[in-house]
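Structural overview
Residue strings, one per chain:
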Amino acid sequence: MSLTGRKAARYFIAIFLIITFNFAIPRSMPGDPLTNLLGEDVILSDSSVQELRSKMGLDKPLWQQYIEYWQSILRLDLGYSFHLHKPVSILLQDRMKWTLLLAGPALILGSALGAILGARAGWRSGSRREKVHTGILLAVYCTPPYFLSLISLYLFSFQLGLFPLKGLYSTGSAADIAHHLLLPAVMMTLFTLSRNYMIMRGSVLQEKSSLYAAFARAKGLYDEQILFRHIFRNALLPIITLLALDFGFILSGALFIEIVFSMNGMGSLIYDALLSRDYPVLQGSFLIITIMVVSANLLADLLYSRLDPRVKWE
Amino acid sequence: MTDFCERLNEWKGNRLMPMIISKSGWLGLAFFSSFLLMAALSPVLAPYDPWYRFEPYLPPDELHLLGTNDLGQDILSELIFGSRASVIVGFGAALMSTAIGTAAGLVSGYFRGMADEIIMGITDIFLMIPQIPLIIVLAAFLRPSLWLVALLMGCLWWTSTARVVRSKALQIRETGYVQANRSLGFSSLHIMLSDVLPNITHVVMPKFLLSIASAMIAEASISFLGLGDPTMKSWGMMINFAFSRGGFLNGLWWWYMAPGLCITLFVLSVVLLGSMLEERESVSLRLQ
Amino acid sequence: MTDLQDFMQGCSRAASESMANNQAILSIEDLSVSFETAMGRVMAADGVCLKLHERETVALVGETGCGKSVVVSSIVQLLPGNASVRGRAIYEGRDLLSLGEKEMAGIRGSEIAMIFQNPSLALNPIIKAAEQIAEPVIIHWRLPKSQALDKAGEMLRRLGLGNRAIPGMFPFQLSGGMNQRVMIAAAMILSPKIIIADEPSKGLDANSADEVMGEIARLRDSAGASLLLITHDLGLARKISDRMAVMYCGQIIETGRCEDIFNQPLHPYTKALLNCLPQRGFQPIPGSSPSMIEPPEGCRFYPRCPERQDECCMKAGLQMVRILGPEGEVLREVRCRLY
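Residues numbered from 1 in each chain as written. Chains lettered and ligands numbered in written order. Predicted model: local features only at pLDDT ≥ 70, side-chain atom pairs only at ≥ 80, totals over all residues.

Looking at the overall build of chain B
A count of helices and strands for chain B gives 11 helices and 0 strands. The N-to-C order of helical and strand elements in chain B reads α-α-α-α-α-α-α-α-α-α-α. Expressed as a percentage of the 288 residues in chain B, the buried residues total 50%. Considering only intrachain contacts with a sequence separation of at least 6, the fraction spanning at least 24 residues in chain B is 73%. (Helix = DSSP H or I, 4+ residues; strand = E, 2+ residues; numbered from the N terminus. Buried ≥ 20, exposed ≤ 12 C-beta atoms within 10 Å, placed from the backbone. Contact = placed C-beta atoms within 7 Å.)

Overview of the overall build of chain C
Helix and strand counts for chain C stand at 10 helices and 12 strands. Relative to a compact globule of 339 residues, whose C-alpha radius of gyration would be 20 Å, chain C shows 21 Å and is just as compact. If one aligns the C-alpha atoms of chain C with their principal axes, the spans along those axes are about 65 × 50 × 45 Å. Every one of the 339 residues in chain C was classed for burial, and the buried ones make up 48%. Of the contacts formed within chain C by residues at least 6 apart in sequence, a portion of 65% connects residues at least 24 apart. (Rg over C-alpha atoms; globule rule 2.2 N^0.38 Å.)

Section: the confidence of the model for chain C
All names here are of chain C. Residue-level pLDDT values for chain C average 84, and 93% of them are 70 or greater. Element-level mean pLDDT values for chain C span from 82 in strand 11 (residues 321-324) up to 94 in strand 6 (residues 112-115). Contacts for the low-pLDDT stretch residues 1-21, under 50 throughout, to residues beyond four places or in other chains number 28 contacts. Predicted complex, confidence summary: ipTM 0.86, pTM 0.85. (pLDDT = per-residue confidence, 0-100.)

Thoughts on the environment of cysteine 336 of chain C
Structurally, cysteine 336 of chain C can be placed in the segment after strand 12 (330-334). Taking the C-alpha atoms as reference, cysteine 336 of chain C lies 7.2 Å from methionine 320 of chain C; in sequence the two are 16 residues apart.

Quick word on the environment of leucine 84 of chain A
In this fold, leucine 84 of chain A is placed in the loop between strand 1 (80-81) and strand 2 (86-87). Sequence separation between leucine 84 of chain A and aspartate 272 of chain A is 188 residues; the distance between their C-alpha atoms is 9.9 Å.

Considering helix 5 (residues 145-158) of chain C
All names here are of chain C. Its 14 residues give helix 5 an end-to-end C-alpha distance of 20 Å, which sits within 8% of 20 Å, the value for a rise of 1.5 Å per residue. Taken together, the buried positions of helix 5 are occupied by Ala148, Leu149, Lys151, Ala152, Gly153, Met155 and Leu156. Where the residues of helix 5 are buried, they touch helix 4 (129-141) and helix 6 (176-188). With its phi angle positive at about 90°, glycine 160 sits one or two positions after the end of helix 5. (Expected span 1.5 Å × (residues − 1).)

Side note on the sheet that holds strand 1 (residues 24-37) of chain C
Residues and elements named next belong to chain C. What the 4 strands build is an open sheet, ordered 2-1-4-5; its pairing is antiparallel. Lying at the two open borders of the sheet, with one neighbouring strand each, are strand 2 (40-53) and strand 5 (94-95). Note that strand 1 and strand 2 share 10 bridges and pair antiparallel. Note that in strand 2 the partner of leucine 26 across the bridge is leucine 52. Helix-sheet contacts for helix 1 (residues 68-75) involve strand 1, strand 2 and strand 4 (83-91), and the interaxial angle to strand 1 is about 115°. (Pairing = 2+ DSSP bridges. Axes fitted to C-alpha atoms, helices over the stretch in contact; angles between N-to-C directions.)

Brief notes about the pairing of strand 4 of chain C
Residues and elements named next belong to chain C. Where strand 1 and strand 4 come together, 8 bridges link them in antiparallel fashion. Residue pairing across strands places serine 34 opposite serine 84, the latter belonging to strand 4. Note that strand 4 and strand 5 share 2 bridges and pair antiparallel. Directly across from isoleucine 90, in strand 5, lies its bridge partner aspartate 95.

Digging into the nonpolar core
What tends to happen in soluble globular proteins is that the nonpolar side chains get buried as a cluster. Residue and element names in this part refer to chain C. Within the largest apolar cluster, 271 residues are counted, with the highest numbers of intra-cluster contacts made by Ile133 and Ala185. Counting residues domain by domain, this core receives three or more from each of domain 1 (1-111 + 192-290) and domain 2 (126-187). When near neighbours in sequence (up to four residues on either side) are disregarded, alanine 185 contacts Ile133, Ala152, Met155, Leu156 and Leu159. (Core = buried A, V, L, I, M, F, W, Y, C linked by C-beta atoms within 7 Å. Domains from an automatic or database assignment.)

Some details on the sheet that holds strand 10 (residues 251-257) of chain C
Residue and element names in this part refer to chain C. Read from one edge of the open sheet, 8 strands run 6-7-8-3-9-10-12-11, paired in mixed fashion. With partners counted over all chains shown, the strands left at the sheet margins are strand 6 and strand 11, one partner each. With direction set aside, neighbouring strand axes in the sheet form an average angle of 20°. With 4 bridges joining them, strand 11 and strand 12 adopt antiparallel strand pairing. Bridge pairing in strand 12 links valine 321 to valine 334. Contacts between helix 10 (residues 268-275) and the sheet are confined to strand 9 (243-248) and strand 10, with strand 9 contributing the most and set at about 100° to the helix.

Focus on the interface of chain B and chain A
Facing 34 residues of chain B, the contacting portion of chain A comprises 36 residues. Those elements that provide at least two residues to the side of chain B that touches chain A are helix 5 (113-128), helix 6 (131-141), helix 9 (188-224), helix 10 (235-244) and helix 11 (253-287) of chain B. The greatest single-element share of the side of chain B that touches chain A, amounting to 8 residues, is contributed by helix 11 of chain B. Among the residues forming the side of chain B that touches chain A, the class breakdown is 25 nonpolar, 8 polar and 1 charged. (Nonpolar A, V, L, I, M, F, W, Y, C, P; charged D, E, K, R; others polar.)

Notes on the environment of glycine 28 of chain B
Residues and elements named next belong to chain B. Along the chain, glycine 28 falls in helix 2 (residues 23-40). The exposure class of glycine 28 is buried, given the 24 C-beta atoms found within 10 Å. Between the C-alpha atoms of glycine 28 and leucine 272, which are 244 residues apart in sequence, the distance is 5.3 Å. Excluding residues within four positions of it along the chain, glycine 28 makes contact with Ser269, Leu272, Leu273 and Met276.

What about the pairing of strand 9 of chain C?
Remark: a regular strand shows side chains that alternate across the two faces of the sheet. Residues and elements named next belong to chain C. The buried fraction of strand 9 is high, at 6 of 6 residues. Burial along strand 9 is two-sided: the face carrying Arg243, Ala245 and Met247 and the face carrying Met244, Val246 and Tyr248 are both buried. The sheet contact formed by strand 3 (residues 57-61) and strand 9 spans 4 bridges and is parallel. When the sheet's bridge partners are listed, alanine 59 is paired in strand 9 with methionine 244. Pairing analysis gives 6 bridges linking strand 9 to strand 10, with the strands arranged antiparallel. The residue bridging arginine 243 from the neighbouring strand is arginine 257, located in strand 10.

Considerations on the domain arrangement of chain C
Residues and elements named next belong to chain C. Parsing chain C into structural domains produces domain 1 (1-111 + 192-290) and domain 2 (126-187). Domain 1 and domain 2 are separated by 28 Å when their C-alpha centres are compared. The partner domain 2 presents 10 residues to the 11 residues of domain 1 that form the contact. Its residues assigned to classes, the side of domain 1 that touches domain 2 shows 5 nonpolar, 4 polar and 2 charged.

Here's the deal with unusual backbone geometry
Notably, tyrosine 57 of chain B is not glycine yet its phi reads approximately 55°, a positive angle. Assignment of secondary structure puts tyrosine 57 of chain B in the loop between helix 3 (42-45) and helix 4 (75-111). Judged by the 16 C-beta atoms lying within 10 Å of it, tyrosine 57 of chain B is partly exposed. Despite not being glycine, glutamine 77 of chain C shows a phi value in the positive range, around 55°. With respect to the helices and strands, glutamine 77 of chain C occurs in the loop between helix 1 and strand 4.

Overview of the packing of helix 5 (residues 88-123) of chain A against helix 11 (residues 266-275) of chain A
Residues and elements named next belong to chain A. At a minimum axis distance of 7 Å, the contact between helix 5 and helix 11 shows a crossing angle of 130°. As the angle between them shows, helix 5 and helix 11 are arranged oblique. Contacts between helix 5 and helix 11 involve Leu91, Arg95, Met96 and Thr99 from the first element and Met266, Gly267 and Leu269 from the second. Taken together, the residues that form the contact of helix 5 with helix 11 break down as 4 nonpolar, 2 polar and 1 charged. (Parallel < 35°, antiparallel > 145°, perpendicular 65-115°, else oblique.)

Here it is, written out as structure tokens:
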């Protein structure tokens, strides 16, 4: 199988596995599969239990349930949340846009800044300023994102009253939303930045000692000219895949930040679902998140093959 | 110039070796051992039994240096005992993932061929699946327990260790003495254990440490969501309670600052140690 | 061994050093380079004195690891950080070793250019060939990119790579010989006054090596530049250089015109080196070169020298002997007690 064929297969297999996993889990976990499918916060009468059981197809053989599960997935039917009285897909749609609003720009900004600052840090490694910067960002890197958010929430909202304490908006105007989003967005950016910074710095440190960097210097390039004209590109390529793999972690971080700031996105949805053991929502969210992460990886792979001439020209 | 520079790097490397531990390495080692001691000697170090209830929501004073939580339990004692959860999960998950990863990487790198393809394929897939959400889903279904979390993480994180071990195994496989042993007819298992394994410890150690760090952050995150083990004190759970039971809104910042700082410092210490080992490894590589 | 007179002390500048009609464009005076390592201090170069005149080609020859590359790298301050350099490298009245990085960057590439050993590694694999050649033009002359690329294309044509596809190709798509020419183009595009070529034909097959050296020679002539060539290939040195300097274990042990050295080598090491040539019988030199961490006192070739005498291993009194010509120009130098 060609390289692209193999890669494509991996993506499909990953999604296939997750969907199968989603199917298998409620039916294999301890407890009544019905409860596992409906959630634990649901009170039903005996007759409706029977009804639901057959409606959910629990009396049919397993392989048939599996096929029907796939069919519903392809119809974008992710189940129904009895806890929140809405279909899961609707819930996810609603919440997803807030999560993307928070995470999207922060991710892009954080990645770009992290790459540039990290490259500089790798280039000037050993200087006092670099050590300080790296030390600070290392501390950020090691701090769980929700803890950092808690601290900033306490400092800036609680003590200083600069920002609202919770929620996405009070009045609904664009400026108001921005006001609410600012602190969590900053946290998100910092979080992404610290991770990209560390990775980029490491990559530049490796590339610094290469012969082409020395030759560039011999041609008369000075200091950061060498960094940004040569090393940056070469250091960035190998880590694109790394950064894509990190995306899953960063997305999880976004969820936690949402929870701390009580924002109405996927994070809070999952948090509430956890408290009430609303399994359909949990599973649906998991599926969506996985698909997002896998797509991000796919995009990164495509990007890499376009950017690296060695791959492009094969 | 190139080969002179290469030789130079070797010599430079030689100079660093005597300097065993860098400054940041010392810092990391200091914190790391303190936390390990804290975990091992919790009953001795903690002023009170962390489960014993005093008066709730007390601010810090001489009797309770960090005050009490919503149930009246002494926060400082909670903090000290909480290190155990981090250590258990951290080490448990790291040990497991390192063991699986090393085995997988060895098999993959040494035997190559079909086994390699399959294992690498599995690695790629596992790497793509978002880990914390997966653990959340599983933990939601099962009864939360420390060992479960460690087990789950161990099963998920072996991939990066496997990758690294594999590339090293590939290298070692081609060296003279391995070839010699193979031609002498030693069994593959024997060669792997006696020749390849000792040489990959340098590579595996930093990965081991870094997986401890990841496991601890993950454990803290899971406990923060309330999925932690209710029978054990953990730093993440402390922050969870502080957040959801009025600690935050009432301004009781010591309740969550202390455990949060502990998590950060513990992770930081492990990361510093791990990167120091990684640097030594790359330096000693140049030596060869 | 007969017509050798005058003894001079060390590298004093008392004697008039200019050759007839030519000024020394680069004068390396008492250059010593050492590296601090865990195993001690490595003296990579010790008291090196060398002059390069206008339009002259000097070959710096010696075994691998004798310090040739270190010497030339130190001139343009391209050594790694843990090197300590002493001495002077006078170019156009200024000591290159005392200049700051920014000033050096201005000189590198435009006035003094270097050609590295490994062309495929010295070029950035993911940047197009023409762009890498155009870079010095953009940096030093501040021309817009399109103009610079045109000039780059011109250089490639002059070097025999006129095919239209080549400027847009990447180094990994080109052969070693082609990459070497790309590197030469990048080095020569601003017509530098001094070219330093560090083993430019290494790693190339005989044909490509010849062609490459031919290109270098042609460009040198048309630009009127001086060439400092590092090589361990004596035959090559003879073909294209005017003078030759032989290095051993960090020291220059003989200099002179190529023909003179080939016909009448003075230093025993030089003699032995010439005997290694296929034409002379492939005779290897017994023993191995000494470690540069604790170089032997006195003559460094002493342990392997077939003509050694007891006093040769003593430190005192071993200097560079100068043989002057009728107008006071330096014809030969040799660091040996026999003279």
